[in-house]
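# Topology and contacts: notes
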Amino acid sequence: MCGITGYIGFRDAYPIVINGLKRLEYRGYDSSGIMMYNDKQIHLSKTKGKVSDLEAITNKEEGRRKGNIGMGHTRWATHGVPNDVNSHPHFSQSGDLVIVHNGIIENYDTLRKELISRGYVFQSDTDTEVLVNLIEEVKKQEGCKLGQALQLALNNVIGAYAIAVFDKTKPNEIVVARLGSPIAIGVGKDNSEFFIASDASPFIEYTKDAIYLEDEEMAIIKLGKAIQVHKIHDDSIVDANIQKLKMNLEQIEKGGYDHFMLKEIHEQPKAIIDTYRGRMLPDEGIIRMAGIDDNINKFLNAERIIIVACGTSWHAGLVGEYLIEDKARIPVEVEYASEFRYRNPIITPKDIVIAISQSGETADTLAAIKLAKSKGAFVFGICNVVGSSIARESDAGAYTHAGPEIGVASTKAFTTQITLLTLIALKLASKKGEVSKPELRVFMQEMQLIPKKIEALLKIEDKVKEIAAVYKDAKNCLYLGRGFNFPVALEGALKLKEISYIHAEGYPAAEMKHGPIALIDENMPIFVIATNKGHYEKVVSNIQEIKSRSGKIIAIVTEGDTQVKEIADHVIEIPETVEALTPLLTTIPFQLLSYHIAVMLGKNVDQPRNLAKSVTVE
Ligand code: M6R
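Per chain, the residues get numbers from 1 upward, laid out in the order the sequence is written. Local features in a predicted model are, by the rule used here, given only for residues with pLDDT of at least 70; side-chain atom pairs are given and counted only at 80 or more, and totals for whole chains, interfaces and linings are based on all residues. Only hydrogens and water are set aside; all other atoms, that is, all heavy atoms of the structure, feed into the side-chain values.

## Quick look at the sheet that holds strand β19 (residues 332–336)
Judged by pairing direction, the sheet is parallel, and its 5 strands sit side by side in the order β19-β18-β20-β21-β22 without closing on themselves. At either end of the open sheet lies a strand with only one pairing partner, and these are β19 and β22 (396–399). Averaged over all neighbouring strand pairs, the angle between strand axes comes to 20°, with direction disregarded. Two strands pair under a simple rule: DSSP has to find at least two bridges between them. Comment: elements are numbered from the N terminus, with helices defined as DSSP H or I runs of at least four residues and strands as E runs of at least two. Pairing geometry for strand β21 (residues 378–383) and β22, over 4 bridges, is parallel. Comment: axis = line fitted to C-alpha atoms, over the contacting stretch for helices; angle = value between 0 and 180 degrees taken between N-to-C directions.

## Observations concerning the environment of Tyr 342
Among the secondary structure elements, Tyr 342 is positioned in the loop between α11 (337–340) and β20 (351–357). For the pair Tyr 342 and Leu 371, spaced 29 residues apart in the sequence, the C-alpha separation amounts to 9.4 Å. For Tyr 342, the side chain forms a polar contact with the side chain of Arg 341, separated by 3.1 Å. Pairs of N or O atoms are called polar contacts if they sit within 3.5 Å, as long as, within protein, a hydrogen donor faces a hydrogen acceptor (for residues adjacent in sequence, only side-chain-to-side-chain pairs).

## Regarding the confidence of the model for the protein
This prediction gives the protein a mean pLDDT of 93; 100% of its residues lie at or above 70. For every residue, the predictor assigns a confidence score, pLDDT, that lies between 0 and 100. No element of the protein has a lower mean pLDDT than helix α18 (residues 536–547), which averages 88, and none a higher one than strand β10 (residues 194–197), which averages 98.

## Here we look at the site of the ligand
The environment of the ligand is formed by 15 residues, the closest being Ser 313, Ser 357, Ser 359, Thr 362 and Glu 498. Residue Thr 312 places a main-chain N or O atom 3.0 Å away from an oxygen atom belonging to the ligand. The separation between an oxygen atom of the ligand and a polar side-chain atom of Ser 357 is 2.6 Å. Coverage of the ligand by the protein amounts to 91% of the 410 Å² it exposes when considered alone. When contributions to the shell around the ligand are tallied by element, the ones reaching two or more residues are α10 (311–328) and α17 (486–500). Class assignment of the residues belonging to the shell around the ligand gives a composition of 5 nonpolar, 8 polar and 2 charged. The source of the domain bounds is an automatic or database domain assignment. When we break the shell around the ligand down by domain, the ones giving at least three residues each are domain 2 (260–458) and domain 3 (460–605). A cutoff of 4 Å decides nearness: a residue is near a molecule or strand if any of its heavy atoms lies inside that distance of it. Here the open area of atoms and residues is found with the Shrake-Rupley method and a 1.4 Å probe, where only the protein chains shown may cover a residue. The classification used treats Ala, Val, Leu, Ile, Met, Phe, Trp, Tyr, Cys and Pro as nonpolar, Asp, Glu, Lys and Arg as charged, and all other residues, Gly among them, as polar.

## Considering the packing of aromatic side chains
Pairing of aromatic side chains requires ring centres within 6.5 Å, counting the rings of Phe and Tyr and the six-membered ring of Trp. Pairs whose planes differ by under 30 degrees are stacked, by over 60 edge-to-face, and all others tilted. Per the counting criterion, the structure on display carries 12 aromatic pairs. Taking 6.1 Å as the distance between ring centres and 80° as the angle between the ring planes, the aromatic pair formed by Phe 299 and Phe 378 counts as edge-to-face. Of this pair, Phe 299 sits in helix α9 (residues 296–301) while Phe 378 sits in strand β21, placing them 79 residues apart in sequence. Taking relative accessible area as the criterion, Phe 299 reaches 1% and is therefore assigned buried. The interplanar angle of 85° and the centroid separation of 6.3 Å between the aromatic rings of Phe 527 and Phe 590 together place this pair among those described as edge-to-face. You can see Phe 527 sitting in strand β25 (residues 525–530) and its partner Phe 590 sitting in helix α20 (residues 582–600), a full 63 residues away along the chain. Accessibility classification places Phe 527 together with Phe 590 in one group, the buried group. By definition, being over a ring means that NZ of Lys or CZ of Arg is both within 6 Å of the ring centre and within 35 degrees of the ring normal. Of note, Arg 609 hangs over the ring of Tyr 501, and the distance from its end group to the ring centre comes to 3.9 Å. Relative accessibility decides the category of a residue: with a 1.4 Å probe and only protein chains considered, values under 20% of the type maximum give buried, values over 50% give exposed, and everything between is partly exposed.

## Things to note about the packing of helix α7 (residues 268–276) against helix α15 (residues 437–457)
Orientation of α7 relative to α15, taken along the N-to-C sense of each, is 165°, at an axis distance of 8 Å. In terms of axis orientation, α7 runs roughly antiparallel to α15. For the pair α7 and α15, the sense of crossing is left-handed. Taken together, the residues of α15 that come into contact with α7 (itself represented by Pro 269, Ile 272, Ile 273 and Tyr 276) are Met 447, Gln 448, Ile 450, Pro 451, Ile 454 and Glu 455. Considered class by class, the residues forming the contact of α7 with α15 number 8 nonpolar, 1 polar and 1 charged. Convention used here: angles under 35 degrees read as roughly parallel, angles over 145 as roughly antiparallel, angles from 65 to 115 as roughly perpendicular, and any remaining angle as oblique. Crossings are assigned a handedness: left-handed for a near helix turned anticlockwise from the far helix by less than a right angle, right-handed for a clockwise turn. Only heavy atoms matter for contacts: two residues are in contact if any of them lie within 4.5 Å across the pair.

## As for helix α14 (residues 412–431)
Residues spaced three or four apart along an α-helix face the same direction, because each turn holds 3.6 residues. Its 20 residues give α14 an end-to-end C-alpha distance of 28 Å, which sits within 8% of 28 Å, the value for a rise of 1.5 Å per residue. Across the 20 residues of α14, 18 count as buried, placing the element largely inside the fold. Following α14 by one or two positions, Gly 433 has its phi on the positive side, about 75°. Multiply 1.5 Å by the residue count of a helix minus one, and that product is the helix's expected span.

## A closer look at helix α12 (residues 363–374)
The terminal C-alpha atoms of α12, which comprises 12 residues, lie 17 Å apart, in line with the 16 Å expected from a rise of 1.5 Å per residue. By the criterion of burial, α12 is predominantly enclosed, with 9 of the 12 residues buried. Turning to α12, its buried residues are Ala 363, Asp 364, Thr 365, Leu 366, Ala 367, Ala 368, Ile 369, Leu 371 and Ala 372. Buried-residue contacts for α12 involve β18 (304–309), α11, β20, β21 and α13 (389–393). Gly 376 occupies a position one or two residues after α12 and carries a positive phi of about 90°.

Rendered as structure tokens:
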């Protein structure tokens, strides 16, 4: 969590750093700060609240915005409540060093006590202030340069970090390091300028050349010099691998929509095409996925597939379980990464672990991968962010190619993950002889119709708004689905609670009578997926049970449905498709509904309270 950004070069650093912070606000937004170096002074501005609150402060005084060197931070609090003092950047005691940090220093308390015994006085409650003082103390004790002091200090640190440190006694360099949290360095022409950020979005309009540090690496960024990358623990030199970025500015802007979430909902038809493009070849009746083709024997000999993920990605994983078991007949288990990593699971070299993560940085998912690898399992990563930690840590994998997802509430990540899982299920099914070429071809042709069907579905927005207006003041909601659409019910409930703060639960429809039915009264809206495929009659019976208890029924049905229409209070129609693909359609009205309810309630849709886009702490 937290976003860090920095600049050193010939341009005004302020606009680069402050705009960079705005682009990184999805990582955390409870407080923010910026340091600018000018007139041989460090000018520090920081405050509780959003980057816009920080801007209100910096706008008052030119000195706070001047200079060609700057570092900024947008915070998601771990140690210490969100307030002005705990905001980053943090000074060392002498005032010479300044740090921005994303991550957690687990042994900060021991280090803090040690530093206090050496005369250090702390201003904040943060682990970060401990780290910057530790670096200062090492620098003093060893009489060394910043880079070496940082390296020695980090050898005493337990935890996770992406950090950038500036030393005003050597103002032509910034030193950065990474363990467990991402950091990218943008490289300007002839090393005349450098950009630092948690992801590449803050510097995309300035350079396409970027170095992503690996875990346990640090870099000394010195103006006019090629970047030196070292291993933190043994000081060996690492080749700085400069990658060409493919992202463009338009992709990370709102493009006329009021919110990123709405933009991303509307991007789904294209995102799904981008996910299957080049992989689905209906004419030839084949699915091409290098990560599977290159390891096909491992997949075909696997005794079991274990899917690990968190949040929305976990819901996509559940759809994956239904798909892979149904089509490829391979046993699948779906695990919360946070439980899996700590519960001493049985994992063998005959298992394949599929890790799903939009950001590719979720700490629990990353730890689950490391555990699986240590037990000899083969790990296949499904990520959206190219070059992310999970993508790099996996043995093989596939990107969803959904494009940047900025809204905290996942939308296109979910549908593209399901698209990819569908391809995996079908590919394995065809390799195992569970589906014939003609069947595969028909399925792929149906998949190719999905983007157009979503486009048609997105046109019902006005109807969804009417329903949102009726139920926006509900205190509790229930979401029900069966089969492939049970995970969609879970996802619908998650979408509502995370951006509108209305309590919502997702349930398999038939489980309702084992408890939640007691909640139903005339004030309870119940969102039911009742498409004409998959247990339709059973779901209709569940709807009748709700009706008899006066619950309000909002049903997602297939076009032309007449039976549910007679019972439900509202119906939303989705176009006809094969059962296994219905989640790609049924989820759309739920996304729109949550979005419009949150907007009507005046909530901050893209940055809901207490949340962050990348959960890089466990
Ligand atoms: O980046 P990841 O897919 O690993 O993130 C996992 C969850 O944190 C994420 O899906 C979260 O639940 C979303 N905010 C849900 O909309």
